[in-house]
Amino acid sequence: MSRKGISFTALIVAVAMLGLMVAGCSSTPSASDSKEIRIGANIEMTGSVANYGKSAFNGIQLAFKEVNAAGGVLGKQIKIIQADNKSEASEATNAMTKLITQDKVSLIMGPITSSNAIAALQVAQDNKIPVITPTGTNAKITVDNGKVRPYVFRSCFIDPFQGVVMANFATKTLNAKTAVIYIDNSSDYSKNLAESFEAQFVKNGGTVIGKEAFLQKDQDFKSTLTKIKALNPETIFIPAYYEEVGKIAKQAREMGISVPFIGTDGWDDPKIAEVAGAAALNNTFFSNHYSSQDTDPNIVKFVEAYKKEYGQEPNAFAALGYDAALMVVDSIKRANSAEPEKIREALEKIKDLQVVTGKITLDANHDPIKSGVVIEMKDGKQTFKEKINP
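Residues numbered from 1 in each chain as written. Predicted model: local features only at pLDDT ≥ 70, side-chain atom pairs only at ≥ 80, totals over all residues. Heavy atoms only, no water.

> Could you clarify how one ought to interpret the overall build of the protein chain in this entry?
Helix and strand counts for the protein chain stand at twelve helices and 17 strands. On the principal axes, the C-alpha backbone points of the protein chain span a range of 95 × 45 × 40 Å. Expressed as a percentage of the 390 residues in the protein chain, the buried residues total 54%. The contacts in the protein chain between residues at least 6 apart in sequence include a share of 70% that link residues at least 24 apart. (Helix = DSSP H or I, 4+ residues; strand = E, 2+ residues; numbered from the N terminus. Buried < 20%, exposed > 50% of the residue type's maximum accessible area, 1.4 Å probe, protein only. Contact = heavy atoms within 4.5 Å.)

Given below as structure tokens:
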């Protein structure tokens with residue numbers, strides 16, 4: 001090859017390399033970008049549990065808005081990058097991949113439901129990006145086959161705690177000796193809660209006299225409710241989400257089933273009263289992460305700020321989204337870095353952090369040690385019943 005040919009080839013190579021360098025400079029900012037800290041939100045903004053996702057996202061946005069207004073973190077503004085997982089496990093996995101590979105986030109918040117979280121977590125684990133779910137309560141989210149997932153955290157208590165709380169409430173407050181468990185057979189959340197409730201209810205001297213199941217999006221529950229009515233239980237435990245619970249309560253009351261229904265945080269949405277009708281929800285109770293009626297100064301301040309921002313009462317999903325955001329901010333401050341590994345290390349060391357729902361200390365499984373509450377429904381409205389300490 002001639003000297004001229006070599007020069008021309010070298011020029012082509014140089015131009016190609018320059019193009020790559022320019023492309024690299026214009027790519028999505030990394031975790032160490034000097035102007036912002038990028039936080040992903042893998043959230044159920046549409047689909048069957050969109051109300052949960054929107055509430056949690058509202059809480060997250062409010063917390064970060066307040067932090068940014070006060071100067072941000074480490075002199076940087078927090079930027080939330082949202083990916084709608086459409087309330088589906090496969091979409092939650094896709095959203096996780098996008099946020100990590102394309103958006104280059106330092107941490108991901110969500111998914112909101114346990115099934116979606118469990119489906120998507122491995123992507124974050126493989127890429128060593130920390131995840132914090134505000135409301136995924138299934139124990140398997142943070143512990144897989146006895147091993148703690150090093151990059152996964154949560155701001156809510158876990159299902160076994162809720163199951164125990166409601167079993168104790170059923171036997172000690174309602175004085176129930178018999179119960180029927182009615183679960184959503186398409187939900188890991190529902191199955192896990194049923195197990196912990198039954199174990200504690202039996203331990204307390206109660207008897208589970210029947211178990212029935214339905215599937216998410218079912219509309220007619222009367223056939224199964226007829227079987228349950230014939231068993232004549234003193235209480236019915238329904239660890240499920242608000243859409244189906246509302247329909248079950250409505251149809252059950254129409255059939256003359258008047259015993260107390262008890263459930264868990266999946267009931268927490270105003271739409272449950274729209275679906276069931278206010279009267280059908282009388283004599284029903286569920287465990288939750290907080291009550292907006294609590295007079296704790298931190299709760300009062302949060303409720304006022306949330307109402308001012310969104311014009312509505314914040315439910316537990318909103319409070320837990322806000323709490324998770326505070327956990328993220330606290331960890332970035334203590335890590336003095338927005339690098340994923342350093343944030344992960346700081347998250348593990350959270351201790352006595354004051355958030356809306358109380359003070360959070362993470363245990364060895366990355367689960368919060370915190371209080372819970374029991375809510376009673378009266379004429380379609382949530383009323384504070386009692387508080388349960390861990």
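The rest of the description comes next.
> What is the right way to read the packing of helix H5 (residues 159-173) against helix H6 (residues 188-203) from this model?
Between two packed helices, what matters for the description is the angle formed by their axes and the separation of those axes. Contact pair H5 / H6: the axes reach a minimum separation of 7 Å and the direction vectors enclose 45°. When the axis of H5 is compared with that of H6, the two are oblique. When you trace H5 past H6, the crossing you get is right-handed. Of the residues in H6, those touching H5 at Asp159, Pro160, Gln162, Gly163, Val164, Met166, Ala167, Asn168, Ala170 and Thr171 are Tyr189, Asn192, Leu193, Ser196, Phe197, Gln200 and Phe201. The residue makeup of the contact of H5 with H6, split by class, is nine nonpolar, seven polar and one charged. (Axes fitted to C-alpha atoms, helices over the stretch in contact; angles between N-to-C directions. Parallel < 35°, antiparallel > 145°, perpendicular 65-115°, else oblique. Left-handed = near helix turned anticlockwise from the far one by under 90°. Nonpolar A, V, L, I, M, F, W, Y, C, P; charged D, E, K, R; others polar.)

> Would you take a moment to explain empty space enclosed by the protein for this structure?
Empty space left among the atoms is revealed by rolling a probe the size of a water molecule over them. The full count for this structure, using the stated rule, is two cavities of 30 Å³ or more. Of the volumes computed, that of the largest cavity is approximately 60 Å³. Residues of the lining of the largest cavity, tallied by class, amount to five nonpolar, five polar and one charged. Counting only domains with at least three residues in the lining of the largest cavity, you end up with domain 1 (36-157 + 295-371) and domain 2 (160-288). Residue lining of the second largest cavity: His289, Tyr290, Ser291, Asp294, Ile299, Thr357, Ser371, Gly372, Val373 and Lys387, and that is the complete set. The residue inventory of the lining of the second largest cavity, partitioned by class, reads three nonpolar, five polar and two charged. (1 Å grid on protein atoms, 1.4 Å probe; cavity = no way out; pocket = protein on both sides within 12 Å on 5 of 7 lines; lining within 4 Å. Points joined across faces, edges and corners; volume = space filled by probe spheres on them. Domains from an automatic or database assignment.)

> Quick question: what am I supposed to make of the pattern of salt bridges here?
Close approach of charged atoms allows side chains with opposite charge to pair. Scanning the model with the defined rule gives twelve salt bridges in all. Of the charged contacts in the structure, one is a salt bridge between glutamate 309 and lysine 65, with a shortest N-O distance of 3.0 Å. Of this pair, glutamate 309 sits in helix H10 (residues 297-310) while lysine 65 sits in helix H2 (residues 50-69); the two residues are 244 residues apart in sequence, bridging distant segments of the chain. When its relative accessible area of 35% is taken as the criterion, glutamate 309 is described as partly exposed. For lysine 65, a relative accessible area of 46% translates into the label partly exposed. Glutamate 313 serves as the salt-bridge partner of lysine 307, at 3.0 Å between the closest nitrogen and oxygen. (Salt bridge = Lys/Arg side-chain N within 4 Å of Asp/Glu carboxyl O.)

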